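The primary structure of each chain is shown beneath.
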Amino acid sequence: MALQGPIPISFELLFPHGCYVVGEVTAAKDFDAKRDVQAKDKVTGLPVWQVPVMDADPSLKAAQKTVTVKILSEVQPVVPPSLPGVPLAPAEFEGLEVKPYVHQATGRLAYSISARVMRAPRTGAGKSSNAAAKDAA
């Protein structure tokens, strides 16, 4: 089978309505370590950070809206600025990958989302071709 390991995915496909940061960036814990240490990515060796985001898709149920995105970065990522008068910060991610796994508590298929970069959304000419095409329609 050609697919092995994480599945690369575009931001526009994963979050077609965008997403908003709803918490702080924190160090992901290494649950396999005997002491309290930050997790490191097994492939790159980079430290793993995590941030909760809310999917802006209006069709999702409340319980499905918030997901955690893990960010592989040597330094702690900074949350983009929030919108004026709103406590939420819109964000986009680059280098996204989805890792399917079976959730131990439920026995259901679940996904771990990781990224390489978190940044403020692009606007105007800086948008990707998919986002620009959506705006033109």
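Structure report, in brief. Fair warning: this is a prediction, and the values are worked out from it, not measured in the lab.

1. Side note on the overall build of the protein chain
Thought 1: Broken down by element type, the protein chain carries three helices and nine strands.
Thought 2: Starting at the N terminus and ending at the C terminus, the protein chain contains elements arranged as β-α-β-β-β-α-β-β-β-β-β-α.
Thought 3: Across the 137 residues in the protein chain, those meeting the buried criterion constitute 28%.
Thought 4: For the protein chain, the accessible surface area stands at approximately 9,100 Å², while carbon and sulfur atoms represent 57% of it.

2. Considering the packing of aromatic side chains
Given two aromatic rings, their pairing is described by the distance between the two centres and the angle made by the two planes.
Thought 1: Enumeration according to the criterion identifies one aromatic pair in this entry.
Thought 2: Judged by centre distance (5.6 Å) and plane angle (40°), the rings of Phe11 and Phe15 are tilted. Across this residue pair, the class does not change: Phe11 and Phe15 are buried.

3. Considerations on the nonpolar core
Thought 1: Membership of the largest hydrophobic core comes to 19 residues, with the highest contact counts inside it found for Val51, Val53, Val69, Phe93 and Met118.
Thought 2: Counting only elements with at least two residues in this core, the list comes to helix 1 (11–14), strand 2 (19–21), strand 4 (48–55), strand 5 (66–72), strand 6 (89–94) and strand 8 (109–115).
Thought 3: Not counting residues within four places of it along the chain, the set of residues in contact with Val69 comprises Trp49, Gln50, Val51, Val53, Phe93, Ile113 and Ala115.
Thought 4: If you look at the next biggest cluster of nonpolar residues, it comprises five residues, including Ala28, Ala39, Val48 and Leu72.

4. Quick look at the pattern of salt bridges
Thought 1: Following the criterion strictly, the structure yields four salt bridges and no others.
Thought 2: Taking the shortest distance from any N to any O, the salt bridge between Asp36 and Lys29 comes out at 3.7 Å.
Thought 3: Given a relative accessible area of 46%, Lys29 falls into the partly exposed group.
Thought 4: As a salt-bridge pair, Arg119 and Glu92 come within 2.8 Å of each other at their nearest N and O atoms. With Arg119 in strand 9 (residues 117–119) and Glu92 in strand 6, this residue pair connects regions lying 27 residues apart in the sequence.

5. Looking at the environment of Glu24
Thought 1: Relative to the elements of secondary structure, Glu24 occurs in the loop between strand 2 and strand 3 (26–27).
Thought 2: Along the primary structure Glu24 and Val53 are separated by 29 residues, whereas in three dimensions their C-alpha atoms are 9.7 Å apart.
Thought 3: Aside from chain neighbours lying at most four places away, what touches Glu24 is Gln50, Val51 and Pro52.

6. Examining the side chain of Arg119
Thought 1: Of the residues examined, Arg119 reaches a relative accessible area of 19% and is grouped as buried.
Thought 2: A distance of 2.5 Å separates the side chain of Arg119 from the side chain of Glu94, its partner in a polar contact.
Thought 3: Residue contacts for Arg119: discarding those within four places in its chain leaves Pro80, Pro90, Ala91, Glu92 and Glu94.

7. Concerning the side chain of Asp41
Thought 1: In this structure, Asp41 sits in the loop between strand 3 and strand 4.
Thought 2: It is Lys99 that comes nearest to the buried, bridge-free Asp41 among opposite-charge side chains, at 4.1 Å.
Thought 3: Reaching out from Asp41, the side chain makes a polar contact with the backbone nitrogen of Val43 at a distance of 3.2 Å.
Thought 4: Only 2.8 Å separates the side chain of Asp41 from the backbone nitrogen of Thr44, close enough to count as a polar contact.

Conventions used here
- Once a new chain begins, its residue numbering starts again from 1 and follows that chain's sequence as written.
- In keeping with the predicted nature of the model, local features appear solely for residues at pLDDT of at least 70, side-chain atom pairs appear and are counted solely at 80 or more, and the whole-chain, interface and lining totals rest on all residues.
- Heavy atoms throughout the structure, all of them, feed into the side-chain values; hydrogens and water do not.
- The way it works is that DSSP assigns letters per residue, a run of H or I at least four long becomes a helix, a run of E at least two long becomes a strand, and they are numbered from the N terminus.
- Exposure is judged per residue with a 1.4 Å probe applied to protein chains only, and the accessible area is read against the type maximum: over 50% gives exposed, under 20% gives buried, and values in between give partly exposed.
- Here the accessible surface of atoms and residues is derived via Shrake-Rupley with a 1.4 Å probe, and residues count as covered only by protein chains that are part of the display.
- Pairing of aromatic rings covers Phe, Tyr and Trp, the last through its six-membered ring, and needs centres within 6.5 Å; plane angles under 30 degrees mean stacked, over 60 mean edge-to-face, and all others mean tilted.
- Here, the term nonpolar core denotes a set of buried Ala, Val, Leu, Ile, Met, Phe, Trp, Tyr and Cys residues that are joined through side-chain atoms within 4.5 Å.
- The criterion used for residue contact is that any of the two residues' heavy atoms lie within 4.5 Å.
- Counted as salt bridges are all cases of a side-chain nitrogen of Lys or Arg within 4 Å of a carboxyl oxygen of Asp or Glu.
- Two N or O atoms count as a polar contact when they lie within 3.5 Å, although within protein this holds only if one can serve as hydrogen donor and the other as acceptor, and sequence-adjacent residues are included solely when both atoms are side-chain atoms.
- Charged residues are defined narrowly, with Lys and Arg counted positive, Asp and Glu counted negative, and His plus the chain ends left uncounted.

This is a description of form; function is not addressed.
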